Amino acid sequence: MRNVEPLHRENPLSTIRIEHDASNDSHWCFMHGQQAFSDPNYRACFSPRLLRELRLFAQETIDGIAGEAAKSETHLAHIVLSSDAHVFNLGGDLNLFSQLIRTRDRDGLLRYATECVDSIHLLHTRLHPAAHTVALVDGDALGGGFELALACQTIVAESGVQMGFPEVLFGLFPGMGAYSLLSQRVSPKVAEQMMLNGVMYSSDELHKMGIVDVLVPKGEGVRAVHEVIRQNRRIASARLALHRVCDAVHPISHDELMRITEIWVDTALQLGDRQLRMMERLVRAQLRRPEPEEMPAESAKAR
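What you see is a predicted model, and the numbers here were worked out from it, not measured in a lab. (Residues numbered from 1 in each chain as written. Predicted model: local features only at pLDDT ≥ 70, side-chain atom pairs only at ≥ 80, totals over all residues. Heavy atoms only, no water.)

## Some details on the overall build of the protein chain
Helix and strand counts for the protein chain stand at 11 helices and 11 strands. A buried classification covers 52% of the 303 residues belonging to the protein chain. The contacts of the protein chain with a sequence gap of at least 6 include a subset with a gap of at least 24, amounting to 74%. Just so you have it, the protein chain exposes about 13500 Å², and 53% of that area is on carbon and sulfur atoms. (Helix = DSSP H or I, 4+ residues; strand = E, 2+ residues; numbered from the N terminus. Buried < 20%, exposed > 50% of the residue type's maximum accessible area, 1.4 Å probe, protein only. Contact = heavy atoms within 4.5 Å. Areas by Shrake-Rupley, 256 points an atom, 1.4 Å probe, with all protein chains shown as cover.)

Right, dumping it as structure tokens:
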């Protein structure tokens, strides 16, 4: 059993749980932690509170990795994003979207979208040059949740989970990086189809398409992530060099993401009452969650 340390701070986090495995310098972030589920109105989506706490996790992780990387040019850390809920992430905060659109609050909508883009860009640039990012998707990842997984360098998914972009159901498109990120894994035409057809793809299908990197049976996700970490540590120098190659060949700038998300904001403000009612029905669906005893107890400690 490896030494896995929960992180403690003066102000406890309420929507994420984080752990650090010092034996391999892996930093694990589990969204929708136990504290979040004490709130009956909690939705496993990108609330402003979750975005803020993910940003805090990222900054703390950057500081820690930078200190270790200064000791060795071949130091390779890993950042793993997963979930304590029955889903990975259901995407944007539709309740907030609806309120901001109804009040014509473009500044508020752009502020939220910018926070999402900042997080996606930070993750896609690996938080630090000496880190490799991994999404462990063991529950459904919809909309922005799927975009978050795509922003990681490696996607490990358990068989049978669903991923896709439902935004088209209420007249929108995924505007926080989906096109840019998907186009690095599939052709731009396929990326466009996936963004507009509203289809929920199984992780098995996405693995065949080359979008999911590692597919494992249900319950094997944590073990598979540790195997990815072990493999990367054996080839740390080559992995770090390939990071630089990918950045040179397929860069995604913050400006590119912001131009796209401003189109998303302007499109959102054109939605009518019918589309907003559909959005609000989906909010009610987001409130469905398992009973506490159904929530996974899995952590980075599991092998």
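## Concerning the state of the cysteines
Per the stated rule, a full pass over the model turns up zero disulfides. Among the cysteines around Cys 116, which has no disulfide bond, Cys 45 carries the closest sulfur, lying 9.9 Å off. (Disulfide = S-S within 2.5 Å.)

## Digging into the confidence of the model for the protein chain
Taken over all residues, the pLDDT of the protein chain has a mean of 89, while the share at 70 or more is 89%. A low-confidence stretch, residues 290-297 (pLDDT under 50), is modelled with nine contacts involving residues beyond four sequence positions or located in other chains. (pLDDT = per-residue confidence, 0-100.)

## A short note on the sheet that holds strand β10 (residues 200-202)
With respect to topology, four strands assemble into an open sheet ordered β5-β7-β9-β10, the strand pairing being mixed. Only two strands of the sheet have a single partner each, and these edge strands are β5 (87-89) and β10. Pairwise comparison of adjacent strand axes, ignoring direction, gives a mean angle of 25 degrees for this sheet. The sheet contact formed by strand β7 (residues 140-142) and strand β9 (residues 162-164) spans two bridges and is parallel. From the neighbouring strand, Leu 142 faces β9, where its bridge partner is Gly 164. (Pairing = 2+ DSSP bridges. Axes fitted to C-alpha atoms, helices over the stretch in contact; angles between N-to-C directions.)

## Things to note about the packing of aromatic side chains
The full count for this structure, using the stated rule, is four aromatic pairs. For the ring pair Trp 28 and Phe 30, a centre distance of 6.1 Å and an interplane angle of 15 degrees mean the geometry is stacked. Here Trp 28 falls in the buried class, since its relative accessible area comes to 0%. A centroid spacing of 5.1 Å and a plane angle of 65 degrees characterise the contact between Phe 97 and Trp 264, whose relative ring orientation is edge-to-face. Here Trp 264 lies in helix α10 (residues 254-268) and Phe 97 lies in helix α2 (residues 94-102), a separation of 167 residues in the sequence. Residues Phe 97 and Trp 264 agree in their burial class; the two are buried. Taken together through their ring pairs, the aromatic side chains of Phe 97, Tyr 112 and Trp 264 make up a single cluster. (Phe/Tyr/Trp six-rings, centres within 6.5 Å; stacked < 30°, edge-to-face > 60°.)

## Some remarks on helix α8 (residues 221-234)
Over its 14 residues, α8 runs 20 Å from end to end, which matches the ideal 20 Å to within 8%, given 1.5 Å per residue. Along α8, the positions that sit buried rather than exposed are Gly 221, Val 222, Ala 224, Val 225, His 226, Val 228, Ile 229 and Asn 232. (Expected span 1.5 Å × (residues − 1).)

## A look at the nonpolar core
Leu 109, Val 137, Met 163, Trp 264 and Met 279 are the most contacted members of the largest nonpolar core, which has 74 residues in total. Ranked by residue count, the leading element in this core is helix α3 (residues 106-124), at nine residues. Leaving out residues up to four positions away in the same chain, Val 137 has contacts with Phe 88, Ala 149, Ile 155, Val 156, Ala 157, Glu 158, Val 161 and Met 163. (Core = buried A, V, L, I, M, F, W, Y, C linked by side-chain atoms within 4.5 Å.)

## Some remarks on the packing of helix α1 (residues 48-69) against α3
Interhelical geometry of α1 versus α3 gives an angle of 30 degrees and a closest axis separation of 11 Å. The pairing of α1 with α3 is recorded here as roughly parallel in orientation. Once α1 is placed against α3, the crossing between them reads as left-handed. Where α1 approaches α3, its residues Pro 48, Leu 51, Arg 55, Ala 58 and Ile 62 are matched on the opposing element by Tyr 112, Glu 115, Cys 116, Asp 118, Ser 119 and Leu 122. (Parallel < 35°, antiparallel > 145°, perpendicular 65-115°, else oblique. Left-handed = near helix turned anticlockwise from the far one by under 90°.)

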